[in-house]
Structures are given as structure tokens and as C-alpha cells.
Amino acid sequence: MNFKKTLLKNIITLGGYNYGSQILVFLSSIVLSRLLLPEEYGFVALITVFTGFVTIFSDAGLSFAIIRSDYGYTFHRAVTNLAFYIGLFLFLLMVILAYPIAYFYEDNALIFPTILLSTIFILGAITIVPGAILTKRLDFNYIGKIRLISNLISIILMIAFAFLGFSYWSLIIPNLVLQLLQFIWFEHKVKIGFRLYPLHYSILAYRKTKSLMKNLSGFNLVNYWARNSDNLIIGKYYSTYDLGIYSRAYKLLQLALSLISGLFGTVLYPSLKKFKSEGGNVNEEYSNILGIISIINFPVGAILILIPNFFVRILWGENWLMVADLLPYFGILIIFQTIISTIGHIYILEEKEKAFMQIGIITAIIMVISIVIGAFFSVKLIVICYTIGYMIAVIPIYLYFGFIKTFGFPINHVVKFWFPKLLLGLLIVVAEILDKQLYIYILMSVFAIHLLYFQRRDIIKLMQLFKNKFLSQRS
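Description of the structure in this document. (Residues numbered from 1 in each chain as written. Predicted model: local features only at pLDDT ≥ 70, side-chain atom pairs only at ≥ 80, totals over all residues. Heavy atoms only, no water.)

What follows concerns the nonpolar core. Most often, soluble globular proteins keep nonpolar side chains buried together rather than apart. The biggest cluster of nonpolar side chains holds 148 residues, and the ones touching the most others in it are Tyr246, Phe330, Phe336, Phe403 and Trp418. Filtering out sequence-adjacent residues up to four positions away, phenylalanine 403 remains in contact with Tyr286, Leu290, Ile340, Ile343, Tyr398, Gly408, Phe409, Val414 and Trp418. (Core = buried A, V, L, I, M, F, W, Y, C linked by side-chain atoms within 4.5 Å. Buried < 20%, exposed > 50% of the residue type's maximum accessible area, 1.4 Å probe, protein only. Contact = heavy atoms within 4.5 Å.)

So this is what it looks like as C-alpha cells:
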């Protein structure tokens, strides 16, 4: 079986479970939106601005180090210890920061929830190595099953807690249970075993991974604040209601990134590593995968762009109708971010983590400036400025310094793939700002025709692969 067929088979396998999990999460949001208020979602979002920031240091490239290296059992156990110490440090850091966070938002009720939610750093840390080993083995069937079962149990707990009146605790405690279940089942499969070894084991693991850790942590640091400065600003200068509305819309972007680029990235990196070691053309296969992602992400973005009001009314009810004003811009971001966000795996594959961090700093500054400009006016203007800044500055930077300068893609190839999409995307943003619905429908139709024509070979291959998988299952 060739590389693309093997890759797509693994994506379909893991994707089936991941999509099942996310569909459950999505459907549960319909129920939870009727049991919990926007203010309760906003309360948890105040905490996750900071816990999410600290989370970027919990892995710090350790999972990539496991997949990229050819070391064995001793190295894996040493990295497990290193991950645990990092997780414990991050937990203690958040315990110390719990009061300053509450003081910042002028709400002492945040202190204990912040401390409890921070235990996820320890649980997540000890899950890193077992999960990375399973990924390196390309055992996506097992990974997918465990994630689906864990999410199902977590969702049941969320709904039960919300129904019983546990308020924002319904969003906190089940997430801790989910992480614990994943660790137990991953560890059961790989049997690494957890015990604390002498400190020099962790020091050795750090020496072997410090370059990857330093550069990925640097990138994740600046990228996090670029992505979450909006939540911080809205939480500080607007109301918890506004933050709850914004967070609901933003979670759709996160969901798409998880379902599409997150899924592809999970399978793509270990698959391309193996393919490269066998002498394959990484650029050609990566380019083909971007074409497939552009086909998959378009219908998702189109729903948010074309029918946002209907979408919100059906799923979440009248209390959340303000979300509809933001969805078209997040729909545009879904179409483009799900493609660009896979680029980090290629930087790591080519051992160009330092360049990845440097370009991340530049794009992060641009995004924060865009968000701050929008914050002077309204929450909606934050989303508009974020979208425009991403399209006219961030994407071109990644295309030039990433695709052309670092990876060596031909300029004409990059222009052919990206220029029509960027032009149509910008025109759709302008039409949305001016509220020209007819133009939006026309431009989206042209976009769809463009994709159907230029990615026609990928569409045919996808259809054939699904057909073969369906026939093999029936037989």
C-alpha cells in the first residue's frame, strides 16, 4: 500500500473515533447550553486563559521527541519521569497563581476551581509518553477507541452534574476524569510502568530533548498568547456574558482545528517520518494532503458563513443568538487555519524547530496587535481584525518563510494553490463586513467550484478509498 493510501487509511480509522467523540461533545453542548448559562461558561473561560497557557509547557515537544528518536525502553521511562516533574512544577505554579488570578479578575470564587483544574497537569504529564509510543506504532485504532470511551464517560458526567445543579463544576471535574481514564488505558497497553528513578535519568532525558523542548515551548508560548489575548482582554474589559458568547464561537474554531488539522497532524507526523526514512518525497505528499484538507474544511466553514443564525437557533437556542454575529469570520478562519496549522509538523520533521519558533514570534505579534485594535471598539471588531490580520499578514509570512524558503516549494506551485483561495477569502470577509449576502453566496459558490476543479484528483482518490473501505467491511 502506498504512502497516501496508508496515511488516509489511518486518518479514516482515527478520524472515525475522533469524529464520533467530537460529535458527542457537540451534541452534549446542545444539552449543556440549556442547563448552564453563558456566565458559567465565561467563569471557566477566565481560568482556562491561564491554565491553557501553562499547558503549553506540559508536553514541550516530549511526545515529538519520543516519535522522532530511535531510543528504547530506558529512554521512554526517563522521559516519563521528566514529564512528571514538569507536570508537578506546573501544578504548583498554578496553585501559587490562583490568588493573583482571582485578584486580577476581582473574583475570589476563582481560587479553588483554579487549583482543582490545575491537577490536570500531573495527569496529562504521565499520559504523554504512553500516548506518544502508541502514535509511533501507528496504533490509531486503539488510541481512537480510548478517546471515544473517555469522552463518552466525561460527557455523561458533565450532563449529570449540570442537571444536579453543580454549575461551572460540571465543566471542570469531568475533564479531570477524562484525563485519568486515558492515562490508565494507554498505560495498560504500552506497560511502561510509572516509578520515580534517580534524578540523573530526567537530566539525561532533558539533554536529549532540550533543543526540541526549548524551541517548541518558545513557539507555543507566543502562539498561545496570540490565540488567547482576545479571551484575556474580553474577560478583563468586557463582561463574562461577552466572554461566554465569544468563547462559544471560538470553540467552533478549536473544534475544527482538532477534528481536521489536529487529526491530520497526529497521523501525518509519524507517517511522514517513516516515509522520509524510506527516501520518499515529503513535499509532494504534504502538498497532496493540504489539498485534501482544503476539501474537508470547506463545508465546515461554509455552514458558519452562510447560515449562522439558523445554526445557533437550532443548536443552542435564543440565549446564544449573539454568537451568530461572530460565526462567519470564524468560518473563514476555519478554512485557512486548518491548512496552515499543519506546517509545524514539517518544521519538526525537517529539524527546523528554531525557525518555527522565530516565525511564530513574528506572527504572534501581528495577531496580538490585530486583537488589541479590535478591542478598542467591540467584541465583533476583535474577530474581524483577527481574521483580516491572519489573512493579509500571517498566511503570506508562512508561505514565504515556510513553504518557499525553508521547505523549498516552487513559487509557482505556492501561488497556484494559495492565491485563488486567499483572494476569495478576503472578498468574502469584505462582503460580510458590508452585509452583502448575495455577494457572499456568489463568492462561496466560486470558492466551491475552484476546489472541485483544482482538487478533483484528490476528491476521486478519497471517494475510491471510502468505497474500498466500505466494500471491505461488507465482505
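Next, the rest of the story.
Located in the positive-phi region is serine 167, a residue other than glycine, with phi close to 55°. Following the sequence through the fold, serine 167 ends up in the loop between helix 8 (140-163) and helix 9 (169-190). Positive phi outside glycine occurs at aspartate 435, with the angle close to 60°. In this fold, aspartate 435 is placed in the loop between helix 18 (411-433) and helix 19 (437-454). By relative accessible area, which is 53% here, aspartate 435 ends up exposed. (Helix = DSSP H or I, 4+ residues; strand = E, 2+ residues; numbered from the N terminus.)

Locating aspartate 139 in the fold gives a position in the loop between helix 7 (128-136) and helix 8. In this structure aspartate 139 comes out as partly exposed when scored by relative accessible area, which is 21%. Sequence-wise, aspartate 139 and glutamate 187 are 48 residues apart; in three dimensions their C-alpha atoms are separated by 14 Å. Ignoring anything within four residues of it in the chain, the contact list for aspartate 139 reads Leu134 and Lys189.

A surface patch of nonpolar side chains, about 710 Å² in accessible area, is lined by Ile361, Ile365, Ile369, Val372, Ile373, Phe376 and Phe377. If you trace the backbone, phenylalanine 377 turns up in the loop between helix 16 (353-375) and helix 17 (379-406). Take phenylalanine 377: its relative accessible area is 60%, and that puts it in the exposed class. (Patch = residues over 30% accessible without salt bridge, like charges linked within 9 Å, V, L, I, M, F, W, Y side chains within 5 Å. Areas by Shrake-Rupley, 256 points an atom, 1.4 Å probe, with all protein chains shown as cover. Salt bridge = Lys/Arg side-chain N within 4 Å of Asp/Glu carboxyl O.)

So, about the packing of helix 16 against helix 17. Pairs of packed helices are described in terms of their axes, by the angle between the two and the distance that separates them. It is at 8 Å that the axes of helix 16 and helix 17 come closest, and there the two elements cross at 160°. By the angle class used here, helix 16 and helix 17 are roughly antiparallel. By crossing handedness, the relation of helix 16 to helix 17 is classed as right-handed. Along the contact surface, helix 16 presents Phe356, Ile359, Gly360, Ile362, Thr363, Ile366, Met367, Ser370, Ile371, Ile373, Gly374 and Ala375, while helix 17 presents Leu381, Ile382, Cys385, Tyr386, Gly389, Tyr390, Ala393, Val394, Ile397, Tyr398, Phe401 and Gly402. Looking at side-chain class alone, the contact of helix 16 with helix 17 contains 18 nonpolar, six polar and no charged residues. (Axes fitted to C-alpha atoms, helices over the stretch in contact; angles between N-to-C directions. Parallel < 35°, antiparallel > 145°, perpendicular 65-115°, else oblique. Left-handed = near helix turned anticlockwise from the far one by under 90°. Nonpolar A, V, L, I, M, F, W, Y, C, P; charged D, E, K, R; others polar.)

The next thing to look at is the packing of aromatic side chains. For the structure shown, the criterion picks out 19 aromatic pairs. Judged by centre distance (6.0 Å) and plane angle (15°), the rings of tyrosine 246 and tyrosine 250 are stacked. Of this pair, tyrosine 246 and tyrosine 250 both sit in helix 11 (residues 240-277), four residues apart, which is roughly one turn of the helix. Take tyrosine 246 and tyrosine 250: they sit in the same class, and that class is buried. Joined through ring pairs, the aromatic side chains of Tyr347, Phe356, Phe403, Phe407, Phe409, Phe417 and Trp418 make up one cluster. The residue whose ring lies beneath lysine 189 is tyrosine 142, and the NZ or CZ to ring-centre distance is 5.1 Å. (Phe/Tyr/Trp six-rings, centres within 6.5 Å; stacked < 30°, edge-to-face > 60°. Lys NZ or Arg CZ within 6 Å of the ring centre and 35° of its normal.)

Over its 23 residues, helix 16 extends 32 Å from the first C-alpha to the last, a length consistent with the 33 Å expected when each residue adds 1.5 Å. Those residues of helix 16 that sit buried are Glu353, Phe356, Met357, Ile359, Gly360, Thr363, Ala364, Met367, Ser370, Ile371, Gly374 and Ala375. Looking at the packing, one finds that the buried side of helix 16 touches helix 3 (62-68), helix 10 (199-237), helix 15 (343-349) and helix 17. (Expected span 1.5 Å × (residues − 1).)

Take serine 294: it is sitting in helix 12 (residues 282-306). What makes serine 294 buried here is its relative accessible area of 2%. A distance of 2.6 Å separates a polar side-chain atom of serine 294 from the backbone oxygen of glycine 291. Setting aside anything within four residues of it in sequence, one finds serine 294 in contact with Ile339, Phe417, Lys421, Leu451 and Gln455. (Polar contact = N/O pair within 3.5 Å; in protein donor to acceptor, adjacent residues only side chain to side chain.)

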